[in-house]
Amino acid sequence: MEATSNPNLAARAGRWSARHRKKAIGGWLAFVVVATLVGGALGTKTFSWQDNGPGESGRADKAIYHGFPKHASETVLIQAHDGSVTGAARGSRGAADSMAFRAAVRDVEGRLRATPNVSNIQSPYAPGNGGRISNDGRSVLVGFDLAGDYKQSKDNVAAPLAAVAAAGKDHSDLRIEEFGDASSGKALDKLFQDDFKKAEQLSLPITLAILLLAFGALVAPLLPLVLGFTAVL
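Residues numbered from 1 in each chain as written. Predicted model: local features only at pLDDT ≥ 70, side-chain atom pairs only at ≥ 80, totals over all residues. Heavy atoms only, no water.

1. Considerations on the packing of helix 4 (residues 99–113) against helix 6 (residues 158–170)
- Running from N to C, helix 4 and helix 6 cross one another at 155 degrees; their axes reach a closest spacing of 9 Å. If you check the angle between helix 4 and helix 6, you find them roughly antiparallel. Here helix 4 and helix 6 pass one another in a crossing that is right-handed. Side by side, helix 4 and helix 6 meet where Asp107, Val108, Arg111 and Leu112 of the first sit next to Pro160, Ala163, Val164, Ala166, Ala167 and Asp170 of the second.
- Looking at the contact of helix 4 with helix 6 residue by residue, the classes come out as seven nonpolar, no polar and three charged. (Axes fitted to C-alpha atoms, helices over the stretch in contact; angles between N-to-C directions. Helix = DSSP H or I, 4+ residues; strand = E, 2+ residues; numbered from the N terminus. Parallel < 35°, antiparallel > 145°, perpendicular 65-115°, else oblique. Left-handed = near helix turned anticlockwise from the far one by under 90°. Contact = heavy atoms within 4.5 Å. Nonpolar A, V, L, I, M, F, W, Y, C, P; charged D, E, K, R; others polar.)

2. Observations regarding the nonpolar core
- Grouped together as the largest cluster of nonpolar side chains are 23 residues, with contacts concentrated most on Val76, Ile78, Phe101 and Leu112.
- Taken together, the elements giving at least two residues each to this core come down to strand 1 (71–80), helix 4, strand 3 (139–147), helix 6 and strand 4 (174–180).
- Among the elements that make up this core, the one with the highest residue count is helix 4 (five residues).
- Excluding anything up to four places from it in sequence, Val76 contacts Val108, Leu112, Val140, Leu141, Val142, Phe144, Val164, Ile176, Glu177 and Glu178. (Core = buried A, V, L, I, M, F, W, Y, C linked by side-chain atoms within 4.5 Å. Buried < 20%, exposed > 50% of the residue type's maximum accessible area, 1.4 Å probe, protein only.)

3. Some thoughts on the sheet that holds strand 1
- One open sheet accounts for four strands, arranged 2-3-1-4; its pairing is antiparallel. The open sheet has two edge strands, strand 2 (118–122) and strand 4, and neither has a second partner. Direction aside, the axes of adjacent strands within the sheet are offset by 20 degrees on average.
- Bridge count for strand 1 against strand 4 is seven bridges, and the pairing is antiparallel. Paired with Glu74 across the bridge in strand 4 is Gly180.
- Strands in contact with helix 7 (residues 181–215) are strand 1, strand 3 and strand 4; relative to strand 4, the strand with the most contacts, it is inclined by about 85 degrees. (Pairing = 2+ DSSP bridges.)

4. Examining the side chain of Ser183
- Relative to the helices and strands, Ser183 resides in helix 7.
- Within the structure, Ser183 has its side chain in polar contact with the side chain of Glu74 (distance 2.8 Å).
- At 2.8 Å, the side chain of Ser183 forms a polar contact with the backbone nitrogen of Gly180.
- Among residues more than four places away in sequence, those in contact with Ser183 are Glu74, Val157, Leu161 and Glu178. (Polar contact = N/O pair within 3.5 Å; in protein donor to acceptor, adjacent residues only side chain to side chain.)

Given below as structure tokens:
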């Protein structure tokens, strides 16, 4: 078959790259460096789901999201390990009515009040909050709001997490732990980062070993790995 006299752009680029390998690889690496620097300087812009909703409900979500202060909801669980705490009165609701348990709850609430970006602390002993005490009297929930949107609240949650952890150490006879929108998001981000790090540490050496066996030389396997890594960047 007669070769075409006007090959397409990809064919011409491949032919030129084969003839000028050093220039092609050097030019690609230079482009990666420039693109990485420019991309890092510009940053990324993400849209919240409240900005993308359709119809009247979407407009309502957008108006509420942008018209009111943003916050994340967090909850602190305070729980007796064995269902009983020294000092519980006979005929009471159990551990939650003991002096030691109430003292721990007050301590948690006091630490949270002294923590930046924390507001609207909801005590289980406040009028109307009886639903925050379990039926067996073993567990209570202390709620609070943490200022900031999703990203900001994940940064702000470090302080209340530290305060709750300190309260847990001071009241070791109780289980005191925090959970909510910001703390779960922070934990998931760390989990994903750790998983990606492990994947990188395992995938690159395994891929290099397979390519070494396939090509029988060191330079040939390194080229696709380096080009693939720079493409990700």
